[in-house]
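Residue strings, one per chain:
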Amino acid sequence: MSAPTTPQVTEPAGAGRFAPSPSGDLHVGNLRTALLAWLFARSTGRGFLVRMEDLDRVRPGAAARQLADLAALGLDWDGPVVQQSARTDRYAQAIDSLTDRGLTYPCFCTRREIQQAASAPHPDPTRPGADGAYPGTCRALTAAQVEQRRAAGRPGALRLRAQVDRWTVPDLLVGPFTGAVDDLVLRRNDGVAAYNLAVVVDDAAQGIDQVVRGDDLLTSAPRQAYLAALLDRPPVQYAHVPLALNQEGQRLAKRDGAVTLAELAAAGVPAGRVLGLIAGSLGLAAPGEQVSPAQLLTRFDPAALPRAPWVVRPADLLA
Ligand code: GLU
């Protein structure tokens, strides 16, 4: 008879992720964020997952091209790619659990009404209108008022009845970040789960404990972390990375020239060279150096990452 073995308790390694919206081709700024997410995850022994955030604006063929671009740079991911559009039941369950606890309410405001209320000269001081926060207009509607709006055919969204107005998240690059939490939308007025809800539900369900993404989403992190806490999901470690900008200081976009792998390939710049350029922008490669993601992994040091945006000159990409 063999001796009883002691069950080995190993800490799950956790996972990082890249979660693009398949609304078009990735540009070099998006690819840089993907590389960083991969480096943060792989350098800490984490898995790396890809999730298609396809609840909104899907362009046919874009998801497959985005995955092909990641592969062309040499980035690998674990397991199947998750599609948010296939996960509506999970979102509904999470929303129902909040509703059962009295933590949701229907909202009939239009975008315009919200903007007007938030910019009113004397907004309700108990509900901050700063940081694009919802001013709480529908929070105290009576059942009769809700019925009246429904009868008038106004489509309603469902909002969180937030119990706090600030939340602090840990961020590896930014430090502790405190930002506004408002009565964020959980279900849009077209019945589809809202971005913030879906991200929180999916990150937890996929075992993701490290979220690396563009710093345009930094102000969403307190809302998401608060929602995760309410839903009893584990907190995640954030790293919000600087975005790529054009020479005018605006977010890099397709109109800025040849900025996608397909466009650059057509201009004679292969994917390997694009990886070198992106690595160079991160201080991880010398100009013109041929590098592989595995090599970059040995050089990666989060503390040494540039903290300023990457200003992209199309001529530099083509050089
Ligand atoms: N799908 C979002 C985007 O492409 C990213 C969401 C996230 O990383 O949390 O901007």
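Predicted model only: the values in this text are computed from it and were never measured. (Residues numbered from 1 in each chain as written. Predicted model: local features only at pLDDT ≥ 70, side-chain atom pairs only at ≥ 80, totals over all residues. Heavy atoms only, no water.)

All right, on to the layout of surface pockets then. Taken as a whole, the second largest pocket spans an internal volume of roughly 310 Å³. Gly276, Leu277, Gly280, Ser281 and Asp316 are, among the 17 residues lining the second largest pocket, the residues nearest its centre. At the level of secondary structure, the elements contributing two or more residues to the lining of the second largest pocket comprise helix 9 (271–281), strand 12 (310–311) and helix 11 (314–318). Element by element, the count of residues in the lining of the second largest pocket is highest for helix 9, at 6 residues. When its residues are assigned to classes, the lining of the second largest pocket shows 7 nonpolar, 6 polar and 4 charged. (1 Å grid on protein atoms, 1.4 Å probe; cavity = no way out; pocket = protein on both sides within 12 Å on 5 of 7 lines; lining within 4 Å. Points joined across faces, edges and corners; volume = space filled by probe spheres on them. Helix = DSSP H or I, 4+ residues; strand = E, 2+ residues; numbered from the N terminus. Nonpolar A, V, L, I, M, F, W, Y, C, P; charged D, E, K, R; others polar.)

On to the UniProt feature "short sequence motif: 'HIGH' region" (unreviewed entry) in the protein, then. Listed under "short sequence motif: 'HIGH' region" (unreviewed entry) in the UniProt record, and renumbered for this structure, are residues 20–30. The distance separating the terminal C-alpha atoms of residues 20–30 is 8 Å; by composition the span is 27% helix and 0% strand. (UniProt positions renumbered as here; feature names shortened; annotations may be inferred.)

Moving on: the side chain of Thr104. If you trace the backbone, Thr104 turns up in strand 4 (residues 104–107). Side chain to side chain, Thr104 and Thr99 meet in a polar contact 2.9 Å long. Not counting residues within four places of it along the chain, the set of residues in contact with Thr104 comprises Ile95, Leu98, Thr99, Leu158, Arg159, Arg161 and Leu186. (Polar contact = N/O pair within 3.5 Å; in protein donor to acceptor, adjacent residues only side chain to side chain. Contact = heavy atoms within 4.5 Å.)

This part is about the site of the ligand. Around the ligand, a shell composed of Arg17, Ala19, Pro20, Ser21, Glu53, Tyr195, Arg213 and Leu217 is seen. Here an oxygen atom of the ligand and a side-chain polar atom of Arg17 are 2.6 Å apart. Alone, the ligand offers 300 Å² of accessible surface; in the complex the protein occludes 77% of this. Tallied by class, residues from the shell around the ligand come to 4 nonpolar, 1 polar and 3 charged. (Near = heavy atom within 4 Å. Areas by Shrake-Rupley, 256 points an atom, 1.4 Å probe, with all protein chains shown as cover.)

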